[in-house]
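Summary of the model geometry
Letter by letter, the chains look like this.
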Amino acid sequence: MEAIDQKEIVENISFLVAEKDVPALKNLIVDTHPADMAAILQELNEDECIYLFHLIDPEYTPDVLSELDEVTREDIVSRLATSHLTEIVEEMDSDDAADII
């Protein structure tokens, strides 16, 4: 079976975000490693990135956030509700949490 490249995945995700197809998006990202998820988020525009970030299983959002580049991480953090950000930071390793705060 041929592997799908990251560009194709990003294009598929962009389409699904535009369609607001939450079940398909969740199915697509359910087994995605946090580092791979971060790489995908970094390729999306800001609105797509935020939309998709909210669909990530809360168990993995701290790991994904810590894998993001500084610019993308700041974009996401600036648009999260304080309560949501607090929940994420509480689950992070202290050195990763310090990068957020």
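In the block above lies the structure referred to throughout.
Report on the accompanying structure. In this text the structure is predicted, and so the values were computed from the model without any measurement.

Describing the nonpolar core
Core analysis: the biggest nonpolar cluster contains 29 residues, and Leu 41, Leu 52, Phe 53 and Leu 65 have the highest contact counts within it. Looking at this core, the elements that each hand over two or more residues are helix H1 (6-19), helix H2 (22-29), helix H3 (34-43), helix H4 (46-53), helix H5 (61-67), helix H6 (70-79), helix H7 (82-90) and helix H8 (94-100). Dropping the residues within four chain positions of it, Leu 41 is found in contact with Cys 49, Leu 52, Phe 53, Ile 56, Val 64, Leu 68 and Thr 72.

Regarding the pattern of salt bridges
Pairing between side chains of opposite charge can happen when the charged atoms of each approach one another. Going through the model one piece at a time under the given rule, you end up with two salt bridges. The shortest N-O distance in the salt bridge between Glu 46 and Arg 79 comes to 3.3 Å. One end of the pair, Glu 46, is in helix H4; the other, Arg 79, is in helix H6, and 33 residues separate them in sequence. Arg 79 sits in the partly exposed class, given a relative accessible area of 38%. Residues Asp 47 and Arg 79 are paired through a salt bridge, measuring 3.1 Å at the closest nitrogen-oxygen approach. Of this pair, Asp 47 sits in helix H4 while Arg 79 is found in helix H6, placing the two residues 32 residues apart along the sequence. A relative accessible area of 53% means that Asp 47 is categorised as exposed. Taken together, the shared-partner salt bridges in this structure form one network comprising Glu 46, Asp 47 and Arg 79.

Rules behind the numbers
- Residues numbered from 1 in each chain as written.
- Predicted model: local features only at pLDDT ≥ 70, side-chain atom pairs only at ≥ 80, totals over all residues.
- Heavy atoms only, no water.
- Core = buried A, V, L, I, M, F, W, Y, C linked by side-chain atoms within 4.5 Å.
- Buried < 20%, exposed > 50% of the residue type's maximum accessible area, 1.4 Å probe, protein only.
- Helix = DSSP H or I, 4+ residues; strand = E, 2+ residues; numbered from the N terminus.
- Contact = heavy atoms within 4.5 Å.
- Salt bridge = Lys/Arg side-chain N within 4 Å of Asp/Glu carboxyl O.

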